[in-house]
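So the chains spell out like this:
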Amino acid sequence: MIGEIYRVSFIGHREIDRFRFVEEQLDKVIGELIRTKEYVEFYVGRNGEFDTMVGSAVKRAQKAYGTANSSLILVIPYTIADMDLLEQFYDEIWLPEELYKVHHKAAITKRNEWFVDNSDLLVSYITRD
């Protein structure tokens, strides 16, 4: 039985300039959450380097600390091909009901709004000149 669920979403740029730095920060944050929270749901998309990096960081932390108190959940903005391949990596795949009727071009923005509305913590990677 799962106790109190702490929900964490990740949003960031598609491309990462400081790969190693970002990876170290993700490892630190994700490891701390798994060690200190009763149960953590990690929500992530699949739209660029940051999302891929987050998925890998969660998997590394689950390997180090176990999978009993966390899950990696891919939150998709619309139906996608190759779901069987994705199901091998992610613990769960969700398409929130409120995204079913959203136009394809607005779906990622609406999914990101879903992240904000349904999370206890939002971890972001944003760079600006």
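The rules behind the values
Residues numbered from 1 in each chain as written. Predicted model: local features only at pLDDT ≥ 70, side-chain atom pairs only at ≥ 80, totals over all residues. Heavy atoms only, no water. 1 Å grid on protein atoms, 1.4 Å probe; cavity = no way out; pocket = protein on both sides within 12 Å on 5 of 7 lines; lining within 4 Å. Points joined across faces, edges and corners; volume = space filled by probe spheres on them. Helix = DSSP H or I, 4+ residues; strand = E, 2+ residues; numbered from the N terminus. Nonpolar A, V, L, I, M, F, W, Y, C, P; charged D, E, K, R; others polar. Buried < 20%, exposed > 50% of the residue type's maximum accessible area, 1.4 Å probe, protein only. Pairing = 2+ DSSP bridges. Expected span 1.5 Å × (residues − 1). Contact = heavy atoms within 4.5 Å.

Which parts of the structure should I look at to understand the layout of surface pockets?
Picture a little ball the size of a water molecule; that probe, rolled over the atoms, points out where space is still empty. By volume, the largest pocket is sized at about 190 Å³. Forming the walls of the largest pocket are Asp17, Arg18, Phe21, Val22, Gln25, Leu26, Val29, Phe50, Val123, Ser124, Tyr125 and Thr127. Elements with a minimum of two residues in the lining of the largest pocket: helix 1 (19-36) and strand 5 (121-125). Here the lining of the largest pocket gets five residues from one element, more than from any other, and that element is helix 1. A class-by-class count of the residues in the lining of the largest pocket yields seven nonpolar, three polar and two charged.

Honestly, the pairing of strand 2 (residues 39-44) in this entry has me stumped. Any pointers?
Looking down a regular strand, the side chains alternate between one sheet face and the other. Burial analysis of strand 2 places six of its six residues in the buried class, the great majority of the element. Judged by which residues are buried, strand 2 turns out to be covered on both faces: Tyr39, Glu41 and Tyr43 on one side and Val40, Phe42 and Val44 on the other are all buried. As judged from the five bridges shared by strand 1 (residues 5-12) and strand 2, these two strands associate in the parallel manner. Across the sheet, residue Ile5 finds its bridge partner in strand 2, namely Tyr39.

Can you walk me through the environment of Thr52 in this structure?
With respect to the helices, strands and loops of the structure, Thr52 is situated in helix 2 (residues 49-65). Judged by its relative accessible area of 43%, Thr52 is partly exposed. Considered as a pair, Thr52 and Arg14 are 38 residues apart in the sequence and their alpha carbons are 9.4 Å apart.

What should I look at first to understand helix 2 in this one?
For an α-helix, 3.6 residues make a turn, and residues three or four places apart therefore share a direction. Its 17 residues place the ends of helix 2 24 Å apart at the C-alpha level, agreeing with the 24 Å of an ideal helix rising 1.5 Å per residue. Among the residues of helix 2, those classed as buried are Phe50, Asp51, Met53, Val54, Gly55, Ala57, Val58, Ala61 and Gln62. The secondary structure elements touched by the buried residues of helix 2 are strand 1, helix 1, strand 2, strand 3 (70-75) and strand 5. Gly66, located one to two residues past helix 2, shows a positive phi value of around 95 degrees.

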